[in-house]
Amino acid sequence: MSGRPLDGVALAADPVPAADADAIPWRTVSLLSLGAFASSGMTRVLDPMLPRLQQDFGVSLGQAAWSVTAFATAYGLMQLFYGPLADQRGKLRVMSVAAALAAAAALACVLAKGSLVAFVVARVAAGAFCAASIPLAMAWIGDAIPYERRQPVLARFMIGQMVGMASGQMLGGLAAEQAFWAWPFLFYAAVFVLVAALLAKQREPASHRAVALPGHPGQALVEVLRLPWARVILFTAFAEALCYLGAFTYLVTHLHREGGASLAAAGLTMTAFSLGGVAFAFLARGWLMRLGESRLAVCGTLLASAAMAVVALDPRLSMAAPANFISGVGFYMLHNTLQTNATQMMPARRGAAVALFATCFFLGQSAGVAALGIVADHFGTRSVLLFGAFMLLPIGLWLGYHLNLRHGSAVTQSVP
């Protein structure tokens with residue numbers, strides 16, 4: 001597959017030195033995974049807290065969700081800045097500085113907990129600085145690992161994100177029933193400080209940087225958008241996040257309101273979703289060999305859709321835990337396939353390309369949380385979850401169709 005052209009950009013443009021093709025820098029990947037842990041935890045920590053925020057600030061559920069929408073919007077928009085900057089200045093360097101600023105923003109969330117407006121502003125800052133961790137790490141892995149070996153490595157890297165998601169939901173659920181509900185932000189601030197310090201000591205090969213482009217920095221983003229295959233990946237990411245993760249935000253609230261679970265128990269149950277993602281990370285190698293990208297994405301779509309529908313219709317914790325595990329396995333079968341293709345949309349401008357992918361993904365999530373918050377206020381959380389479950393079906397099947405057209409049903413990747 002290494003010679004397959006990609007919308008006019010050959011894989012030979014991959015800046016991976018031949019001498020290093022067999023070396024996987026697991027130490028750096030592990031450090032990047034720790035950054036993903038903190039970023040993902042900050043992303044999901046408020047999901048179980050929404051009923052508590054609603055109560056403390058005296059607002060509707062949809063208004064409380066502004067704190068989630070604000071984070072996701074800032075996260076998405078800042079990618080337009082980070083991507084081109086990281087291509088020129090170095091991805092590890094940009095991630096180190098952003099991690100230090102993310103620690104400060106997490107502390108600001110603690111100080112702002114007395115006012116919804118101040119809290120939302122602090123969440124905007126947190127989203128802006130957490131935004132560098134995962135997309136730029138994916139781009140760095142794309143620079144360091146040949147495409148044929150990349151999907152399993154990305155899956156292992158994403159363990160940090162998935163465990164971070166689980167920690168956010170668990171800690172958020174526990175904190176929601178305590179007087180000082182903002183303490184999880186102190187924990188993530190400490191992790192970001194550690195990541196910033198360790199990343200500052202890492203050296204990045206000059207081959208990981210893009211050649212300077214003439215004109216404004218946004219020209220790299222325009223070049224990516226001109227590629228038809230890139231537009232397929234970007235649209236799918238936006239739609240997946242809008243429908244599925246927009247609904248997912250209200251899942252803990254659904255278990256609390258409709259199933260009668262405490263926020264702590266509901267948040268703990270949601271960790272099963274992340275455990276499902278971790279399970280996929282260890283199974284990704286074998287499944288990719290057997291199924292190929294297209295069938296992997298389609299099978300994941302079917303699993304994730306069915307599992308969310310089960311939780312919507314039966315919110316008992318005894319049903320939610322196994323269903324969320326299956327949902328996590330299915331979602332990451334689909335999403336990891338998307339991520340891997342995102343790292344190869346334009347190898348010569350990988351930082352900008354992956355940043356644009358993250359922009360579409362988080363703006364989709366932001367729009368979904370905002371729109372579905374209105375639906376939840378008027379029609380209840382069951383309607384929100386059913387919407388997410390059924391709308392994922394055409395999205396995943398559409399991606400599978402295009403992957404099959406592009407790659408065929410044959411497995412095209414080798415594994416480490």
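Residues numbered from 1 in each chain as written. Predicted model: local features only at pLDDT ≥ 70, side-chain atom pairs only at ≥ 80, totals over all residues. Heavy atoms only, no water.

**Quick notes on the overall build of the chain**
Logical step 1: Across its full length, the chain carries 17 helices and 2 strands.
Logical step 2: Looking at the chain as a whole, 62% of its 416 residues qualify as buried.
Logical step 3: Here the contacts in the chain between residues at least 6 apart in sequence split such that 85% fall between residues at least 24 apart.
Logical step 4: Put simply, the chain shows about 14,500 Å² of open surface, and 68% of that area lies on carbon and sulfur atoms. (Helix = DSSP H or I, 4+ residues; strand = E, 2+ residues; numbered from the N terminus. Buried < 20%, exposed > 50% of the residue type's maximum accessible area, 1.4 Å probe, protein only. Contact = heavy atoms within 4.5 Å. Areas by Shrake-Rupley, 256 points an atom, 1.4 Å probe, with all protein chains shown as cover.)

**Digging into the packing of aromatic side chains**
Logical step 1: A complete count under the given rule lists 18 aromatic pairs for this structure.
Logical step 2: Aromatic side chains F71 and Y75 sit 6.0 Å apart centroid to centroid with 40° between the ring planes, which places their arrangement in the tilted category. Of this pair, F71 and Y75 both sit in helix α4 (residues 66–89), 4 residues apart, which is roughly one turn of the helix.
Logical step 3: Centre to centre, the rings of F331 and Y332 are 5.2 Å apart; their planes meet at 85°, and the pair counts as edge-to-face. When sorted by exposure, F331 lands in the same class as Y332, which is buried. (Phe/Tyr/Trp six-rings, centres within 6.5 Å; stacked < 30°, edge-to-face > 60°.)

**Regarding the packing of helix α11 (residues 228–248) against helix α15 (residues 317–342)**
Logical step 1: Where α11 meets α15, the axes come as close as 10 Å, and the angle between the chain directions of the two elements is 155°. As far as their axial angle goes, α15 and α11 are roughly antiparallel. Handedness of the crossing formed by α11 with α15: left-handed. Touching W229, I233, T236, A237, E240, Y244 and L245 of α11 are S327, F331, L334, H335, L338, N341 and A342, all from α15.
Logical step 2: Of the residues in the contact of α11 with α15, the class split is 9 nonpolar, 4 polar and 1 charged. (Axes fitted to C-alpha atoms, helices over the stretch in contact; angles between N-to-C directions. Parallel < 35°, antiparallel > 145°, perpendicular 65-115°, else oblique. Left-handed = near helix turned anticlockwise from the far one by under 90°. Nonpolar A, V, L, I, M, F, W, Y, C, P; charged D, E, K, R; others polar.)

**Some words on the nonpolar core**
Logical step 1: By size, the foremost hydrophobic cluster in this structure holds 139 residues, and its most contacted members are M42, L53, F157, W181, F185, M345 and F357.
Logical step 2: Of all the elements, helix α14 (residues 271–313) adds the most residues to this core, at 13 residues.
Logical step 3: Beyond its immediate stretch of four places on either side in the chain, F157 contacts V29, L32, S33, A36, I134, A137, M138 and I141. (Core = buried A, V, L, I, M, F, W, Y, C linked by side-chain atoms within 4.5 Å.)

**Let's talk about helix α7 (residues 133–144)**
Logical step 1: Relative to the 16 Å expected for 12 residues at 1.5 Å per residue, α7 spans 16 Å between its end C-alpha atoms, a close match to the ideal helical length.
Logical step 2: Taken across its 12 residues, α7 has 12 buried, putting it largely inside the fold.
Logical step 3: Buried within α7 we find S133, I134, P135, L136, A137, M138, A139, W140, I141, G142, D143 and A144. (Expected span 1.5 Å × (residues − 1).)

**Looking at the confidence of the model for the chain**
Logical step 1: For the chain, mean pLDDT is 83; residues scoring 70 or higher make up 89% of the total.
Logical step 2: Averaged over each element, pLDDT in the chain is lowest for strand β2 (residues 9–10) (36) and highest for helix α9 (residues 183–199) (95).
Logical step 3: Within the model, the stretch residues 1–21 combines pLDDT values under 50 with 48 contacts to residues more than four positions away or in other chains.
Logical step 4: Overall, residues 409–416 carries pLDDT values under 50, and its contacts beyond four positions in sequence, including any with other chains, amount to 29 contacts. (pLDDT = per-residue confidence, 0-100.)

**Points about empty space enclosed by the protein**
Logical step 1: Tallied over the full model, the rule gives 3 cavities of 30 Å³ or more.
Logical step 2: Volume-wise, the largest cavity comes out at about 220 Å³.
Logical step 3: Forming the boundary of the largest cavity are 21 residues, of which I134, Q161, H335, F361 and F362 lie nearest the centre.
Logical step 4: It is helix α16 (residues 350–379) that contributes the most residues to the lining of the largest cavity, 6 residues altogether.
Logical step 5: Its residues placed into classes, the lining of the largest cavity shows 14 nonpolar, 6 polar and 1 charged.
Logical step 6: The volume enclosed by the second largest cavity comes to roughly 40 Å³.
Logical step 7: Lining the second largest cavity, in full, are L31, L32, G35, M95, A99, S133, V195 and L199. (1 Å grid on protein atoms, 1.4 Å probe; cavity = no way out; pocket = protein on both sides within 12 Å on 5 of 7 lines; lining within 4 Å. Points joined across faces, edges and corners; volume = space filled by probe spheres on them.)

**With respect to a nonpolar patch on the surface**
Logical step 1: Nonpolar side chains collect at one region of the surface, where L275, L303, F325 and I326 lie side by side and expose about 330 Å² of accessible area between them.
Logical step 2: Elements that contribute at least two residues to the nonpolar patch include exactly α14 and α15.
Logical step 3: Residue position: L303 is located in helix α14.
Logical step 4: The class of L303 is partly exposed, set by a relative accessible area of 34%. (Patch = residues over 30% accessible without salt bridge, like charges linked within 9 Å, V, L, I, M, F, W, Y side chains within 5 Å. Salt bridge = Lys/Arg side-chain N within 4 Å of Asp/Glu carboxyl O.)

**As for the pattern of salt bridges**
Logical step 1: Under the defined criterion, the tally for this structure stands at 4 salt bridges.
Logical step 2: A salt bridge links R44 to D47; the nearest nitrogen and oxygen atoms lie 2.6 Å apart.
Logical step 3: Judged by its relative accessible area of 1%, D47 is buried.
Logical step 4: Two residues, D56 and R52, come together in a salt bridge whose shortest N-O distance is 3.0 Å. Here the residue D56 and the residue R52 both occupy positions in helix α2 (residues 50–57), the gap between them amounting to 4 residues, near one helical turn.
Logical step 5: Owing to a relative accessible area of 37%, D56 belongs among the partly exposed residues under this scheme.
Logical step 6: Since its relative accessible area comes to 13%, R52 is described here as buried.

**Overview of the environment of P184**
Logical step 1: Residue position: P184 is located in helix α9.
Logical step 2: Each residue touching P184, except ones within four places of it in the same chain, is listed here: V45, M49, L171 and A175.

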